[in-house]
Amino acid sequence: MLGPALVAGVAYLDPGNVASNTTAGATYGYLLIWVVVLANLIAWLVQYLSAKLGLVTGRSLPELLGARMRSRWARRAYWLQAELVAIATDVAEVIGGAVALQLLFGLPLPAGGVITAVVSLALLVVQTRHGARTFEFVIIGLVAIIAVGFVAGVFIAPPDAAGVASGLVPRFSDSGSVLLAASILGATVMPHAIYAHSALTRDRFDGDTTPVRRLLRATRWDVSIAMAVAGAVNIGILLLAAANLAGVAGTASLEGAYAAIRDGIGPVVALLFAVGLLASGLASTAVGAYAGAEIMQGLLHTRIPLLVRRLVSILPALLLLAVGADPTRSLVLSQVVLSFGIPFALVPLVALTARRELLGRFCNRVVTTVLGVVASLALITLNGMLLVLVATGH
């Protein structure tokens, strides 16, 4: 019964996470560890609620929202913001894959972006033709590569224990740390993962005769395992950067981080880092495209060919690579855009899963709804702080 959460969990291991956590560790040391921990705790609740919604109702979050929005213009407006989130997701994932291919094989970034896009399309074809289970096995295999690639360096060059402990105390040092905190949250609690997980459980358990209570129990294990893996990898990336890249010139970019790891820890760890980045880009862009297709179908009641759908979301990322935009800066800013899409997915999710007329006896308990509301308010508040900082130029 395990699998859907591990696929959705790829969203928490995408190149945006790598860029945000590497930049946070290299720039602020252990300061923002608490943000990664908090983000993963929120992510557990969010992904479980999304999985439960799809499992109990047999419909995805976009489908339920599309059915409840009577106004065509309301559906289109909601789809537009969700589509912008999907595009921001592709920016992170395609650029990350392109950078990895450049580090490994010296390919130009635009060519690497095209290859990443083509491979992700092939992974989607696997899902379409061979079903959810085969797609899960492929993505879980890539998750294993990602975990080894990013965590190996922590064991070879371990972090300072006192520094790790200090990073668990919630605090900021300046406006830049707030920006990175929003970026980490955007990279961790990703809107498209919320949309996708409900669809993944719908597809996986469609027609399954297992009692719903047992499926929900298995889903809690599925989500717990997925979030434990994602949390460990994200913290590992930040610790690797904090312990080995702090104060090293040029480590604000993925290329600079790779070079610093190669020179400071060794070529093997650097190679694993690049391979993990490539697997991250390939897996996460496939899952992002799956979410984008579900969003369009659920909200606009429109299904377009897979290739056309892929071109819509991937062109901005390829254009950024073609014009020579800074890859790491584009990655970090894409995660900030994602953080602003979180409330549009999270608030409806909490509201719908609290409805007894929709989920019956499986609707949220009061404490679950309260935690969901608190998480939503915390994320919205942080995004408001970010807007103020950007508007005032701090």
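Residues numbered from 1 in each chain as written. Predicted model: local features only at pLDDT ≥ 70, side-chain atom pairs only at ≥ 80, totals over all residues. Heavy atoms only, no water.

1. Things to note about the overall build of the protein chain
- Across its full length, the protein chain holds 16 helices and zero strands.
- The globule rule puts the C-alpha radius of gyration for 394 residues at 21 Å, and the 20 Å found for the protein chain is close to it.
- Along the longest, intermediate and shortest principal axes, the C-alpha atoms of the protein chain span 60 × 45 × 40 Å.
- Burial status across the protein chain gives 58% buried among its 394 residues.
- In the protein chain, the proportion of contacts linking residues at least 24 apart, taken out of those at least 6 apart, comes to 87%.
- By element, 69% of the accessible surface of the protein chain is carried by carbon and sulfur atoms, the whole surface being about 15,300 Å².
- Averaging the coordinates of the 25 positive side-chain charges in the protein chain and doing the same for the 17 negative ones gives two points 12 Å apart. (Helix = DSSP H or I, 4+ residues; strand = E, 2+ residues; numbered from the N terminus. Rg over C-alpha atoms; globule rule 2.2 N^0.38 Å. Buried < 20%, exposed > 50% of the residue type's maximum accessible area, 1.4 Å probe, protein only. Contact = heavy atoms within 4.5 Å. Areas by Shrake-Rupley, 256 points an atom, 1.4 Å probe, with all protein chains shown as cover. Lys, Arg positive; Asp, Glu negative; His and termini not counted. Charge placed at Lys NZ, Arg CZ, Asp CG, Glu CD.)

2. As for the nonpolar core
- In terms of nonpolar packing, the biggest core is built from 128 residues, with Leu 32, Leu 53, Leu 61, Ile 139, Phe 150 and Leu 349 touching the most fellow members.
- It is helix H12 (residues 267-300) that contributes the most residues to this core, 17 residues altogether.
- In this view, Leu 53 contacts Gly 58, Arg 59, Leu 61, Leu 64, Leu 349, Leu 352, Thr 353, Leu 358 and Leu 359; residues no more than four positions away in its chain are not counted. (Core = buried A, V, L, I, M, F, W, Y, C linked by side-chain atoms within 4.5 Å.)

3. Details of empty space enclosed by the protein
- Inspection of every chain in the model, using the stated rule, returns one cavity of 30 Å³ or more.
- Approximately 40 Å³ is the volume found for the largest cavity.
- Lining the largest cavity are Leu 6, Gly 9, Val 10, Leu 13, Val 143, Ala 226, Val 229 and Ala 230.
- Per-element accounting of the lining of the largest cavity gives the leading share, three residues, to helix H10 (residues 212-244).
- Of the residues in the lining of the largest cavity, the class split is seven nonpolar, one polar and no charged. (1 Å grid on protein atoms, 1.4 Å probe; cavity = no way out; pocket = protein on both sides within 12 Å on 5 of 7 lines; lining within 4 Å. Points joined across faces, edges and corners; volume = space filled by probe spheres on them. Nonpolar A, V, L, I, M, F, W, Y, C, P; charged D, E, K, R; others polar.)

4. Here's the deal with the pattern of salt bridges
- Within the structure shown, the criterion is met by six salt bridges.
- Ionic pairing is found between Arg 202 and Glu 63, a salt bridge with its closest N-O pair at 3.0 Å. Placement of the pair is Arg 202 in helix H9 (residues 191-204) and Glu 63 in helix H4 (residues 61-68), with a sequence separation of 139 residues.
- For the salt bridge of Asp 203 with Arg 202, the shortest nitrogen-to-oxygen distance reads 2.9 Å.
- Here the salt bridges do not stand alone but share partners, grouping Glu 63, Arg 202, Asp 203 and Glu 294 into one network. (Salt bridge = Lys/Arg side-chain N within 4 Å of Asp/Glu carboxyl O.)

5. Side note on the side chain of Asn 364
- Position of Asn 364 among the secondary structure elements: in the loop between helix H15 (356-359) and helix H16 (366-392).
- Residue Asn 364 is classed as buried on the basis of its relative accessible area of 8%.
- Within polar-contact distance, the side chain of Asn 364 engages the side chain of Lys 52 at 2.8 Å.
- In this structure the side chain of Asn 364 is engaged in a polar contact, spanning 2.7 Å, whose partner is the side chain of Thr 353.
- Beyond its immediate sequence surroundings of up to four residues, Asn 364 is in contact with Leu 49, Lys 52, Val 350, Thr 353, Ala 354 and Thr 369. (Polar contact = N/O pair within 3.5 Å; in protein donor to acceptor, adjacent residues only side chain to side chain.)

6. Considerations on helix H6 (residues 109-156)
- End to end, H6 covers just 30 Å across 48 residues, shorter than the expected 70 Å (1.5 Å per residue, more than 12% under).
- Along H6, the largest kink reaches about 140 degrees and is centred on Gly 131. (Expected span 1.5 Å × (residues − 1). Bend = angle between axes of the 7 residues up to and from the residue.)

7. Comments concerning a nonpolar patch on the surface
- On the surface, Leu 2, Trp 221 and Ile 225 cluster together into a nonpolar patch covering about 310 Å² of accessible area.
- If you trace the backbone, Leu 2 turns up in the segment before helix H1 (4-8).
- Among the residues examined, Leu 2 registers a relative accessible area of 35% and is labelled partly exposed. (Patch = residues over 30% accessible without salt bridge, like charges linked within 9 Å, V, L, I, M, F, W, Y side chains within 5 Å.)

8. Quick look at the packing of aromatic side chains
- Across all of its chains, the model carries three aromatic pairs by this definition.
- Arranged with centres 5.5 Å apart and planes meeting at 65 degrees, the rings of Trp 34 and Phe 172 form a pair that is edge-to-face. Here the residue Trp 34 occupies a position in helix H3 (residues 33-57), and Phe 172 occupies one in the loop between helix H7 (161-166) and helix H8 (175-188), the gap between them amounting to 138 residues.
- On the accessibility criterion, Phe 172 (34% relative accessible area) is partly exposed.
- Taken together, a centroid distance of 5.5 Å and an interplanar angle of 20 degrees make the contact between Trp 44 and Tyr 48 stacked. Residue Trp 44 and its partner Tyr 48 are both found in helix H3; the two are separated by four residues, about one turn of the helix.
- Looking at Tyr 48, the relative accessible area reads 10%, which means it is buried. (Phe/Tyr/Trp six-rings, centres within 6.5 Å; stacked < 30°, edge-to-face > 60°.)

9. Observations regarding the layout of surface pockets
- As a volume, the largest pocket reaches approximately 550 Å³.
- Looking at the largest pocket, it is lined by 21 residues, and the ones nearest its centre are Tyr 48, Lys 52, Arg 220, Arg 365 and Thr 368.
- Within the residue set of the lining of the largest pocket, elements represented by two or more residues are H3, H10 and H16.
- Counting residues per element, the lining of the largest pocket draws most heavily on H3, at eight residues.

10. Examining the confidence of the model for the protein chain
- Within the protein chain, residue pLDDT values average 86, and 95% of them lie at 70 or more.
- Mean pLDDT across the elements of the protein chain bottoms out in H8 (77) and peaks in H15 (94). (pLDDT = per-residue confidence, 0-100.)

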